[in-house]
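# Tertiary structure, described
So the chains spell out like this:
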Amino acid sequence: IKFANSLKLRMAMRICYVDKGKSEIMVKEAIDTSNGKLGVMTENSDNAFMPATINPFYMVCYSYNGGETKISADLSSYMNGYQDPRREIYGVTSTFDESENITNGFHGLRVGNEYPIKTGQCYSNVKVEVSSPIMWMNAAEVMFLRAEAALRGWDTEKTPKAYYEAGIRLSFEQLGAKNVEDYLVSTNTPESYKDPLGTYSFSGTPSTISVQWKDGNFEESLERIITQKWIANFPNGMESWTEYRRTGYPKLMPMAANASGGIVNDAEGARRMPYPTDEYRENRESVEAAVATLTQESKTKRGDTMATHVWWDCK
């Protein structure tokens, strides 16, 4: 029941830019603990994990072609800048040839670009075992959802700061990371990304947001909440991509190589997945009717392409 209510809270916040009134109502229904109601997940014992015989992250990180998925440069930029203790839990040290004047560490690979497979395999891999359970939703995410709801005035049980810090504490506790209190008052900011091979370095930093909470500016507070939710949700990339599209946070580096032929904006990145070829072949009438709704005159509707925004992506 707590998991169901937590999913409802996630859904409620998903539509906050579509229907503010309905979003607020759903938030209050999800967190309600009156008259014996259980409300949402509040501690790590509530976390929703799915047992796995073969963890799919292990398969793409270690099995397919010797490993096709790595830590992203965006994540390493934020976590290295923050000196985040969770780095050694999330990823393994890179494996570059140190005779080439490269110091191995937590080095992410720039998203959306092509690397020779043997070169790409040198970047930091995800730390996961073949039978590691799959995190479906954790209490840390719920606290960040409540922090945003509190920021909007819809959850008044605690302050945005209290929920935000609770989310970070729960993430550290879940992972067994240390020094959370030092982390909470850190004024460090993301570091500039220097590609160990120099191919896809990024001038400047994706953001100047720090960990330490500050009251006052709504968008700055929202960026801080979503950035820490993004880190705590690892490796749930689908939810993180969703929150990035919904809110615009965390701020990410633009693509260094755009293979879309100008369809996808460098700064926005992909907003949806196109319908697969099989769907056009086996369900053409329905697909074409759906695609017709994606081609109306609008900045955010660009047909059946990765550039079209889905309905809740309307901030």
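In case you missed it, the structure is sitting above this.
Residues numbered from 1 in each chain as written. Predicted model: local features only at pLDDT ≥ 70, side-chain atom pairs only at ≥ 80, totals over all residues. Heavy atoms only, no water.

## Notes on the overall build of the protein chain
The helix and strand inventory of the protein chain stands at 13 helices and 2 strands. Radius of gyration (C-alpha) of the protein chain: 20 Å, near the 20 Å computed for a compact globule of 315 residues. Along the first, second and third principal axes, the C-alpha atoms of the protein chain reach 65 × 55 × 45 Å. Buried positions account for 47% of the 315 residues belonging to the protein chain. Taking the intrachain contacts of the protein chain between residues at least 6 apart in sequence as the baseline, contacts between residues at least 24 apart amount to 68%. When the accessible surface of the protein chain is summed, it comes to about 15,700 Å², and 52% of that surface belongs to carbon and sulfur atoms. (Helix = DSSP H or I, 4+ residues; strand = E, 2+ residues; numbered from the N terminus. Rg over C-alpha atoms; globule rule 2.2 N^0.38 Å. Buried < 20%, exposed > 50% of the residue type's maximum accessible area, 1.4 Å probe, protein only. Contact = heavy atoms within 4.5 Å. Areas by Shrake-Rupley, 256 points an atom, 1.4 Å probe, with all protein chains shown as cover.)

## Some points on the nonpolar core
Core analysis: the biggest nonpolar cluster contains 54 residues, and Leu-9, Val-27, Tyr-164, Ile-168 and Ile-231 have the highest contact counts within it. Elements represented by at least two residues in this core include exactly helix H1 (2-14), helix H2 (20-31), helix H4 (73-82), helix H7 (139-151), helix H8 (160-175), helix H9 (180-184) and helix H10 (218-232). (Core = buried A, V, L, I, M, F, W, Y, C linked by side-chain atoms within 4.5 Å.)

## A look at unusual backbone geometry
The peptide bond linking Phe-234 to Pro-235 adopts the cis configuration, its omega dihedral lying at 5°. Mapped onto the elements of the fold, Pro-235 is located in the loop between H10 and helix H11 (237-247). In the segment running from Tyr-249 into Pro-250, the intervening peptide bond is cis, with an omega of 0°. Here Pro-250 lies in the loop between H11 and helix H12 (277-282). With a phi close to 50°, Gln-83 is a non-glycine residue in the positive phi region. The residue Asn-179 is not glycine, and still its phi comes out positive at about 65°. Relative to the assigned elements, Asn-179 resides in the loop between H8 and H9.

## Details of the side chain of Arg-245
Mapped onto the secondary structure, Arg-245 falls in helix H11. With near-sequence residues (within four places) excluded, Arg-245 lies in contact with Ala-270, Arg-271, Arg-272, Val-310, Trp-312 and Asp-313.

## Some words on the packing of H1 against H7
At a closest axis distance of 10 Å, the pairing of H1 and H7 adopts a crossing angle of 40°. Relative to H7, H1 is oriented oblique. The two elements H1 and H7 cross, and the hand of that crossing is left-handed. Across from Ser-6, Leu-9, Arg-10 and Met-13 in H1, the residues of H7 making contact are Glu-141, Val-142, Leu-145, Arg-146, Glu-148 and Ala-149. Considering only residue class, the contact of H1 with H7 consists of 5 nonpolar, 1 polar and 4 charged. (Axes fitted to C-alpha atoms, helices over the stretch in contact; angles between N-to-C directions. Parallel < 35°, antiparallel > 145°, perpendicular 65-115°, else oblique. Left-handed = near helix turned anticlockwise from the far one by under 90°. Nonpolar A, V, L, I, M, F, W, Y, C, P; charged D, E, K, R; others polar.)

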